[in-house]
Amino acid sequence: MPEVGAVSVPGAEDAVDREVRERFFPDQVSGVLVEVGAADPEYLSMGASYRDLGWTVIAVEPNPKFCDLHRAQGHDILQYACGDHDEDDVEFSVATSHGATYRGGQVSYEAFSSLQIKDSYARLLDENVSIDTIKVKLRRLDTLLREYAPTVERIDIVCVDTEGWELEVVAGLDLSRYRPRVLIIENLFVERRYRAYMRGKGYGLWKYIEPNDVYIPAPELRLADRLTREATRVAA
């Protein structure tokens, strides 16, 4: 966990949380946000600003250290990893960055921790990062929602930051049932396969806000594009 006295900067990377709210939910005082890979309750958090507004934030995080931080602040937290199937006693790699700084704060376990560190991420590891393995429960997001949020019928925002396992998480959610209006998916290496996969699910890329892809339903994307083009033409 962050060292005592460490600077903790609330809000998501490049203020993607604020930009999405201002564009799609400017007057919405309540809603449902699901955050998979919730990590710290404030530093780099997608859900923090929405929680402050009174939204329901369903936070999912396998690292017990981060879960303790959420519980200390009175937040509900689902202590699970997410993927495309359900399984117990799954190995999870906890990467400790030993106080590395990033965007105004100290990184603890945010970077690289995942079900298994994929090769593309492993190439970024340096000698200061140590890896420990713990056992976690793996669940489809569908499974967790049925058990812990059975009254939720529609999700406004889904955020996924799982260090290369994002598409497996999306595969575990029935998009046609929950119809999220926005999905914020980390795509650190700007991989085309993420966008192709989401197109197959009926979602188009609205914007890349480093390091996240922001997706909305394809019909809404086309409308947004038309409005943007018209506004540009009028301004010219």
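Reading the values: rules and limits
Residues numbered from 1 in each chain as written. Predicted model: local features only at pLDDT ≥ 70, side-chain atom pairs only at ≥ 80, totals over all residues. Heavy atoms only, no water. Salt bridge = Lys/Arg side-chain N within 4 Å of Asp/Glu carboxyl O. Helix = DSSP H or I, 4+ residues; strand = E, 2+ residues; numbered from the N terminus. Buried < 20%, exposed > 50% of the residue type's maximum accessible area, 1.4 Å probe, protein only. Pairing = 2+ DSSP bridges. Right-handed = clockwise from strand over helix to strand, strands pointing away. Axes fitted to C-alpha atoms, helices over the stretch in contact; angles between N-to-C directions. Contact = heavy atoms within 4.5 Å.

### Some points on the pattern of salt bridges
At step 1: Summed over the entire model, instances satisfying the criterion amount to 9 salt bridges.
At step 2: Ionic pairing is found between D68 and R71, a salt bridge with its closest N-O pair at 3.7 Å. Taken as a pair, D68 and R71 lie in helix 3 (residues 64–72) at a separation of 3 residues, close to a single helical turn.
At step 3: Judged by relative accessible area, D68 falls into the partly exposed class, the value being 44%.
At step 4: In this structure, R140 and D142 form a salt bridge, with 2.8 Å as the shortest nitrogen-oxygen distance.

### Details of the pairing of strand 1 (residues 32–36)
At step 1: Taken across its 5 residues, strand 1 has 5 buried, putting it largely inside the fold.
At step 2: Alignment of strand 1 against strand 2 (residues 56–60), held across 5 bridges, turns out to be parallel. Paired with V32 across the strands is T56, a residue of strand 2.
At step 3: Between strand 1 and its parallel partner strand 2, the chain crosses via helix 2 (residues 48–53), and the hand of that crossover is right-handed.
At step 4: The pairing of strand 1 with strand 8 (residues 157–160) spans 4 bridges and is parallel. Within strand 8, the position partnered with L33 by the bridge is I157.

### So, unusual backbone geometry
At step 1: Each neighbour pair has its own omega, and for E210 with P211 the value is 5°, a cis peptide bond.
At step 2: Secondary-structure assignment places P211 in the loop between strand 10 (203–209) and strand 11 (212–217).
At step 3: You will see that D89, though not glycine, has its phi angle at about 55°, which is positive.

### Observations concerning the sheet that holds strand 3 (residues 81–82)
At step 1: Read across the sheet, 3 strands follow the order 3-7-4 without closing on themselves; strand pairing throughout is mixed. A strand with exactly one partner marks an edge of an open sheet, and here the two such strands are strand 3 and strand 4 (87–96).
At step 2: Here strand 4 runs beside strand 7 (residues 130–139); their pairing, made up of 8 bridges, is antiparallel. Bridge pairing in strand 7 places E87 opposite L138.

### A closer look at the sheet that holds strand 9 (residues 182–186)
At step 1: The strand order across the open sheet formed by 6 strands is 2-1-8-9-11-10, and the pairing between neighbours is mixed. Each having just a single partner strand, strand 2 and strand 10 make up the two edges of the open sheet. Recorded for the sheet is a direction-independent mean angle of 15° between the axes of neighbouring strands.
At step 2: Lying on the sheet, helix 1 (residues 16–24) is in contact with strand 8, strand 9, strand 10 and strand 11; it crosses strand 10 at an angle near 130°.

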